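A look at the structure
Residue-level listing of the chains:
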Amino acid sequence: MSTSFDDVLGDLKNESRKATLRARKQDIIDRLAAAIRDGSFRITTVHEMEVTDGPKRRVVQAPPVIQRIGCHAVMNIVDQVCYKSMISTSAASIKGRGMHYLHKIVSDDLRLYPDETTYFYKCDIKKFYESIDQDIMFECVCRYIKDKTLLPILENFVRVMPSGLAIGLRSSQCFGNILLDRVDHFMKEVVKVRYYYRYCDDIVMLHSDKKTLWLWRDILVDQLALLGLSIKDNEVVRPVADGLDFLGFVHYGTHSLLRKRVKKRFARHMAKVKSRKRRVALMGSFKGMAVHGDCNHLYYTITGYQMKKFSEMGVTYTPADGKKRFPGKTVRLGNISNKVIEIHDYETGIKTSQGEDRYVVSFYDPQKKEWGKFFTASEEMKNILDQISDIEDGFPFETIIESELFDGNKVKYKFS
């Protein structure tokens, strides 16, 4: 609840209002927590406002700040329940799955499987949030949530508008994903569309055959119609070589470039802004987009600076305690015994719940192609690791970890 409070207040621009709410923080949290706990929390009113979204002007709805905090707190938990079943190629308003997450998946698929991704079908849903049937939407919510105290609160979120979902309400983002999740699974698992991607209400499918894409398009339209939704007239099937405009980039298979209007808008702002501080902020924002595409020359043309790759900077993270951090999961020695592994590095003087002065060892499993690590207090293994570290090019080395019984039923492990 405290996190939700701070997240919502972070978006407020009225500093006086923000200070007043912060002074009442604990009282607000206590009252909201009690209302959510007994199921009486409701969104009672929403205020409409017009906002700019790229070239579009949208009318969005937002409840009062305190009700917004309560909605945020409820949906933080609901998200964790609902998003577990979402397909990996759906994104937008899902933690860890933003625009750049899906952009990388699309770019990798186009680059790695060019013969299977020659053509694309792209569409978006007509007036998505406004067109959602509230009865169908709440039926979908009930498939995920069974709690009798929580369901009336979620039904209030669904029905707060006379029709459709409130654009701008924290819950609507999650509900939209829940509604389209059944379409995603149908297209991926029943129709067997391998290259299927959805970002909010924008959908893209890739294939080597245009006729197949049109066939899939008809199936998609039928599935959306079952939810009372339809697609816009701007749907297309085209060769990827002509450019797939998706997620702020135009994908050409071998590379991707920033969308033209993004470049133009940034260039116009840079030409107008005189404040050095503001120019640095704009450049940082633009660079945050450009690094995800093949835009090094573009960045230099507009800003006059060469854009370095992180891998070229030689910068590494150094923990405060000076200890090395290794990739992969921690495994028990018994789970990797009697199999060939590669030992790559180790760190000394590690304190764990089992004791102090242990070694953590980084290894690579060539069969599973996975990194892992294990802890050991074995004086024999520690001594051998120390000796190998004194040998030039001692790491990495290949070994089999063997188990040996001693003192009746005790087990010790050793390198062999």
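For the structure itself, look to the data block above.
The notes below deal with the structure included here. (Residues numbered from 1 in each chain as written. Predicted model: local features only at pLDDT ≥ 70, side-chain atom pairs only at ≥ 80, totals over all residues. Heavy atoms only, no water.)

**Structural notes on helix 3 (residues 25-38)**
Note that an α-helix has 3.6 residues per turn; residues three or four places apart therefore point the same way. Taking 1.5 Å of rise per residue, the 14 residues of helix 3 would be expected to cover 20 Å, and the 20 Å separating its terminal C-alpha atoms lies within 8% of that figure. Following helix 3 by one or two positions, Gly39 adopts a phi angle in the positive range, close to 80°. (Helix = DSSP H or I, 4+ residues; strand = E, 2+ residues; numbered from the N terminus. Expected span 1.5 Å × (residues − 1).)

**A closer look at the sheet that holds strand 14 (residues 370-376)**
Through backbone hydrogen bonds, the strands of a sheet pair up, either in parallel or in antiparallel fashion. Spatial strand order, 11-14-13-12-15-16: six strands in an open sheet with mixed pairing. Each having just a single partner strand, strand 11 (329-330) and strand 16 (410-415) make up the two edges of the open sheet. Bridge count between strand 12 (residues 340-352) and strand 15 (residues 397-406): four bridges; the pairing is antiparallel. Within strand 15, the residue paired with Ile341 across the bridge is Thr399. Contacts from helix 15 (residues 379-389) reach strand 12, strand 13 (355-365), strand 14, strand 15 and strand 16 within the one sheet, and its direction differs from that of strand 16 by about 10°. (Pairing = 2+ DSSP bridges. Contact = heavy atoms within 4.5 Å. Axes fitted to C-alpha atoms, helices over the stretch in contact; angles between N-to-C directions.)

**A short note on helix 5 (residues 99-112)**
Spanning 14 residues, helix 5 covers 20 Å between terminal C-alpha atoms, matching the ideal 20 Å at 1.5 Å per step. All buried positions along helix 5 are accounted for by Leu102, His103, Val106, Ser107, Asp108, Asp109 and Leu110. (Buried < 20%, exposed > 50% of the residue type's maximum accessible area, 1.4 Å probe, protein only.)

**Examining the packing of aromatic side chains**
Under the counting rule described, the total for this entry stands at ten aromatic pairs. Pairing Tyr346 with Tyr359 gives two aromatic rings, centres 5.4 Å apart and planes at 25°, and the pair type is stacked. Taken as a pair, Tyr346 in strand 12 and Tyr359 in strand 13 lie far apart in primary sequence, 13 residues in all. The class of Tyr359 is buried, set by a relative accessible area of 7%. With a centroid separation of 5.8 Å and an interplanar angle of 35°, the aromatic rings of Tyr346 and Phe395 are classed as tilted. Of this pair, Tyr346 sits in strand 12 while Phe395 sits in the loop between helix 15 and strand 15, placing them 49 residues apart in sequence. Here Tyr346 falls in the buried class, since its relative accessible area comes to 10%. Since its relative accessible area comes to 23%, Phe395 is described here as partly exposed. One aromatic cluster in this structure is built from Tyr346, Tyr359, Phe395, Phe397 and Phe415. When the ring centre of Tyr113 is taken as reference, the NZ or CZ atom of Arg194 above it lies at 4.7 Å. (Phe/Tyr/Trp six-rings, centres within 6.5 Å; stacked < 30°, edge-to-face > 60°. Lys NZ or Arg CZ within 6 Å of the ring centre and 35° of its normal.)

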